[in-house]
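Understanding the architecture of this molecule
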Amino acid sequence: MAELRNTADTVIANPSAIQNDISLAEETPRPTDVTEHPEKDAPNKKSILARMSGIAYMSVSSITATSQGVIFQYLSYMPTGEVLAILSAAAACFLGTLIAFQGLSLSFPRKLLPLFILRNMFTMITFTAKTWAFQNLPLGDASALIFTMPLWTGIFSRIFLKEKYTIAQLFCSIVGFSGVILVAKPTFIFPSETTSEFPAWYPVIALVSGISMASEFTVQRGLGGQIGSLVTTFYMMLFHIAAGIILHHAMGDEYLNPPCYVPRVLLVVASLHPVIGLSCLMKGLEVESASIATLVKNLDTVLGYIVQVVLFGDSVNALSIVGAALIMIGTVTLTLTRIFDVTCGIEL
């Protein structure tokens, strides 16, 4: 009671003291300011993960595509059309089971049917042209022309989808394509004495494959998530079955039933690429712009080169190492631009 009386007397004698205390309290930051809104940083973390998800999906697609390519190397004695038809049928069975298990519908809005048919037509053109190119052109020539795909995708997505195409993306495209050239070493840039002659129109087929693949990805990006990735891949496999049968008869091949269980098992394993890899590719195109997503596909070249050296004994040379490094630099730069949302301030 005496302390309260003394405090009152102090306030009456010196009223400015209490005002100073109030001002000090207002100027002193509250401890709760640090932790009052801990969720403020959450959107930034979430946005980084969201920006990275498309690149992650496309990276998984590249890894599965490389593993499928290894299996194709071991099964090179089998007719291409038969391999395509068998693994597509196996993939369709896997996908149909997943779709039924998840209770998904195979129907989709009728207004999307023209785009959906167009997308699968491009898929068939891409596969047929790519297969023909690899069979009739030097591997380096075919790879270099097919992997012009990211450049075409950037152009198509800018024109038809109105997606931005930045200086940063253009830089990554040029660096990545330069790396593909050095790894593939096409004969029209690196001629050698063993280079075989072929008609001048042969490279056009490989270029058509790259343009068709870019068109395929652009249309898929336009479809977005309106048709689920599993459903899209399932219908794609049905188109591939038809394409495999048509290609098989067009090339005049005889059906070669796999002679033992090993190639049959390998075909089933290869069919997991459409289930996992193509589904990831569809998902990547849903969440990422077409130009950025397809740039990550340059990883196919690096992974394929590593496999050729490790498993098939190809020689290592300086040009290939520099090329692989350029592809990785382009991919890492692209990844950093997505993490930090860098555009270099210029759009094309």
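This text gives an overview of the structure that appears in the document. All of these numbers come straight from a predicted model, not from anything done at the bench.

Considerations on the overall build of the protein
- A count of helices and strands for the protein gives 16 helices and zero strands.
- Across the 348 residues in the protein, those meeting the buried criterion constitute 42%.
- Partitioning the contacts of the protein with sequence separation of at least 6, the portion at a separation of at least 24 is 89%.
- Accessible surface for the protein amounts to roughly 18600 Å². Of this, 68% is attributable to carbon and sulfur atoms.

Side note on the environment of Ala318
- Position of Ala318 relative to the elements: it lies in helix α16 (residues 318-339).
- Measuring from C-alpha to C-alpha, the distance between Ala318 and Val183 comes to 9.6 Å, with 135 residues separating the pair along the chain.

Thoughts on helix α8 (residues 149-160)
- Taking 1.5 Å of rise per residue, the twelve residues of α8 would be expected to cover 16 Å, and the 16 Å separating its terminal C-alpha atoms lies within 8% of that figure.
- Listed as buried for α8 are Met149, Pro150, Thr153, Gly154, Phe156 and Ser157.
- Backbone geometry just after α8 places Lys162 at a positive phi near 60 degrees.

Examining the pattern of salt bridges
- With the rule as written, the count across this model stands at four salt bridges.
- Lys283 is the salt-bridge partner of Glu286, the closest N and O atoms lying 3.5 Å from each other. Of this pair, Glu286 and Lys283 both sit in helix α13 (residues 272-287), three residues apart, which is roughly one turn of that helix.

A word on a nonpolar patch on the surface
- Judged by side-chain polarity, Val60, Phe94, Tyr261, Val265, Val268, Val269, Leu272 and Ile276 come together as a nonpolar surface patch covering roughly 690 Å² of accessible area.
- Looking at the nonpolar patch, the elements with two or more residues in it are α12 (261-270) and α13.
- Ranked by the residues each element gives to the nonpolar patch, the list is headed by α12, at four residues.
- Within the secondary structure, Val269 sits in helix α12.
- Overall, the relative accessible area of 42% leaves Val269 in the partly exposed class.

Quick word on helix α10 (residues 202-223)
- Over its 22 residues, α10 extends 32 Å from the first C-alpha to the last, a length consistent with the 32 Å expected when each residue adds 1.5 Å.
- In the segment just after α10, Gly224 is the residue with positive phi, at about 60 degrees.

Looking at the environment of Phe198
- By the secondary structure assignment, Phe198 is in the loop between α9 (167-184) and α10.
- Look at Phe198 and you get partly exposed, because its relative accessible area is 23%.
- Between the C-alpha atoms of Phe198 and Pro138, which are 60 residues apart in sequence, the distance is 9.7 Å.
- Filtering out sequence-adjacent residues up to four positions away, Phe198 remains in contact with Leu137, Pro138, Asp141, Thr187 and Pro203.

Considering the packing of helix α6 (residues 113-136) against α10
- Interaxial distance between α6 and α10 falls to 8 Å at its minimum, and their mutual angle equals 155 degrees. Considering the angle they form, α6 stands roughly antiparallel to α10. α10 is crossed by α6, and the crossing has left-handed handedness.

Comments concerning unusual backbone geometry
- For Lys162, which is not a glycine, the phi torsion comes out positive at approximately 60 degrees.
- Tracing the backbone through its elements, the reader meets Lys162 in the loop between α8 and α9.
- A positive phi angle is found at Lys185, which is not glycine, with a value near 50 degrees.
- Topologically, Lys185 is positioned in the loop between α9 and α10.
- By relative accessible area, Lys185 is classed as partly exposed at 25%.

Quick word on the packing of aromatic side chains
- Counted according to the given criterion, the structure contains seven aromatic pairs.
- Where Phe108 meets Tyr235, the ring centres are 6.0 Å apart and the plane angle is 85 degrees; that geometry is what we call edge-to-face. Taken together, the residues Phe108 in the loop between α5 (80-102) and α6 and Tyr235 in helix α11 (residues 229-250) connect sequence positions 127 residues apart.
- For Phe108, a relative accessible area of 22% puts it in the partly exposed group.

Things to note about empty space enclosed by the protein
- One pass over the full model with this rule turns up two cavities of 30 Å³ or more.
- Put simply, the second largest cavity is a space of about 30 Å³.
- Along its surface, the second largest cavity is lined by Cys172, Gly176, Leu295, Asn298, Ile327, Gly330 and Thr331.
- Breaking the lining of the second largest cavity down by element, the ones donating at least two residues are α9 and α16.
- No other element matches the three residues that α16 contributes to the lining of the second largest cavity.

Definitions and cut-offs
Residues numbered from 1 in each chain as written. Predicted model: local features only at pLDDT ≥ 70, side-chain atom pairs only at ≥ 80, totals over all residues. Heavy atoms only, no water. Helix = DSSP H or I, 4+ residues; strand = E, 2+ residues; numbered from the N terminus. Buried < 20%, exposed > 50% of the residue type's maximum accessible area, 1.4 Å probe, protein only. Contact = heavy atoms within 4.5 Å. Areas by Shrake-Rupley, 256 points an atom, 1.4 Å probe, with all protein chains shown as cover. Expected span 1.5 Å × (residues − 1). Salt bridge = Lys/Arg side-chain N within 4 Å of Asp/Glu carboxyl O. Patch = residues over 30% accessible without salt bridge, like charges linked within 9 Å, V, L, I, M, F, W, Y side chains within 5 Å. Axes fitted to C-alpha atoms, helices over the stretch in contact; angles between N-to-C directions. Parallel < 35°, antiparallel > 145°, perpendicular 65-115°, else oblique. Left-handed = near helix turned anticlockwise from the far one by under 90°. Phe/Tyr/Trp six-rings, centres within 6.5 Å; stacked < 30°, edge-to-face > 60°. 1 Å grid on protein atoms, 1.4 Å probe; cavity = no way out; pocket = protein on both sides within 12 Å on 5 of 7 lines; lining within 4 Å. Points joined across faces, edges and corners; volume = space filled by probe spheres on them.

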